[in-house]
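Survey of secondary and tertiary structure
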Amino acid sequence: MIRLNLQKNLEAQDMIRIIMRDKNLSVKGAIDFAINRDMHQNILKAGYASIALDLWGHDDLERKWDILDNPVFDLELDKLRQRLVEDISERQHVDVETAICYFLIFTMDYLGYHI
């Protein structure tokens, strides 16, 4: 079980809400959608996850970001997703929350959003 506190991470909240809306998913469903083997490989191959994450939303500075009703929640990942997140966390030298954000930002690209 992972305790996510995204209160100060508006980028992550916004990306989760976009996935929720586009795919008609819950918060957990949106995160599960983002964490998969393809995104894992894309993160590793690209090598610019931290830069991409920092640039989220730069193309429309006036847009109001969509936030979660409850940005603090417990997240239970299946074993595969947990291993994928842990691997990115270790390889990229970031915490679990940031690793999850890397999956989210690459999912934004996959869904056709400008990163």
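Above this text is the structure in question.
Let me begin by describing the structure that accompanies this report. (Residues numbered from 1 in each chain as written. Predicted model: local features only at pLDDT ≥ 70, side-chain atom pairs only at ≥ 80, totals over all residues. Heavy atoms only, no water.)

**Considerations on the nonpolar core**
Note that soluble globular proteins tend to have their nonpolar side chains buried in a common cluster. Short version of the rule: In plain words, nonpolar cores are sets of buried Ala, Val, Leu, Ile, Met, Phe, Trp, Tyr and Cys residues tied together by side-chain atoms within 4.5 Å. Only protein chains enter the accessibility calculation, which uses a 1.4 Å probe. A residue is then buried if its area is under 20% of the maximum for its type, exposed if over 50%, and partly exposed in between. The secondary structure listing takes helices from DSSP runs of H or I that are at least 4 residues long and strands from runs of E that are at least 2 residues long, numbered from the N terminus. Any pair of residues with heavy atoms lying within 4.5 Å of one another is described as a contacting pair.
In terms of nonpolar packing, the biggest core is built from 36 residues, with Ile16, Ile31, Ile35, Ile100, Phe103, Leu104 and Ile105 touching the most fellow members. At the level of elements, helix H1 (10-23), helix H2 (27-34), helix H3 (37-46), helix H4 (49-55), strand E2 (72-75), helix H5 (79-92) and helix H6 (96-110) are the ones that each hand at least two residues to this core. The biggest single contributor to this core is H6, with nine residues. Each residue touching Leu104, except ones within four places of it in the same chain, is listed here: Ala12, Met15, Ile16, Ile19 and Ala34.

**Here we look at H2**
At 3.6 residues per turn, the α-helix brings residues three or four places apart onto the same side. Considered for burial, the residues of H2 that qualify are Gly29, Ala30, Ile31, Asp32 and Ala34. On its buried face, H2 is in contact with strand E1 (2-5), H1, H3, E2, H5 and H6.

**Notes on the packing of aromatic side chains**
Filter applied, for reference: Classification of ring pairs uses Phe, Tyr and Trp, with its six-membered ring standing for Trp, and accepts pairs whose centres are within 6.5 Å; under 30 degrees between planes counts as stacked, over 60 as edge-to-face, and the remaining range as tilted.
Inspection of every chain in the model, using the stated rule, returns two aromatic pairs. On the basis of an interplanar angle of 50° and a centroid distance of 6.4 Å, the ring pair of Phe33 and Tyr110 is categorised as tilted. Pair noted here: Phe33 is in helix H2 and Tyr110 is in helix H6, with a separation of 77 residues, a long-range link.

**So, the pattern of salt bridges**
Going by this rule: Basic side-chain nitrogens of Lys or Arg form a salt bridge, by our definition, when they fall within 4 Å of a carboxyl oxygen of Asp or Glu.
Inspection of the entire model under this criterion finds seven salt bridges. Residues Asp66 and Arg21 are paired through a salt bridge, measuring 3.5 Å at the closest nitrogen-oxygen approach. Of the two residues, Asp66 sits in the loop between H4 and E2 while Arg21 sits in helix H1, which places them 45 residues apart along the sequence. Relative accessible area serves as the criterion here: at 51%, Arg21 is assigned to the exposed category. Among the salt bridges present, the one from Asp78 reaches Arg81, with a minimum N-O distance of 2.5 Å. Relative accessible area serves as the criterion here: at 21%, Arg81 is assigned to the partly exposed category. One connected set of salt bridges, linked through shared partners, spans Lys28, Asp32, Asp78 and Arg81.

**Let's talk about unusual backbone geometry**
Its identity is not glycine, yet Asn24 carries a phi of approximately 55°, on the positive side. Take Asn24: it is sitting in the loop between H1 and H2. The class of Asn24 is exposed, set by a relative accessible area of 72%. Although it is not a glycine, His93 adopts a positive phi angle of roughly 55°. Here His93 lies in the loop between H5 and H6.

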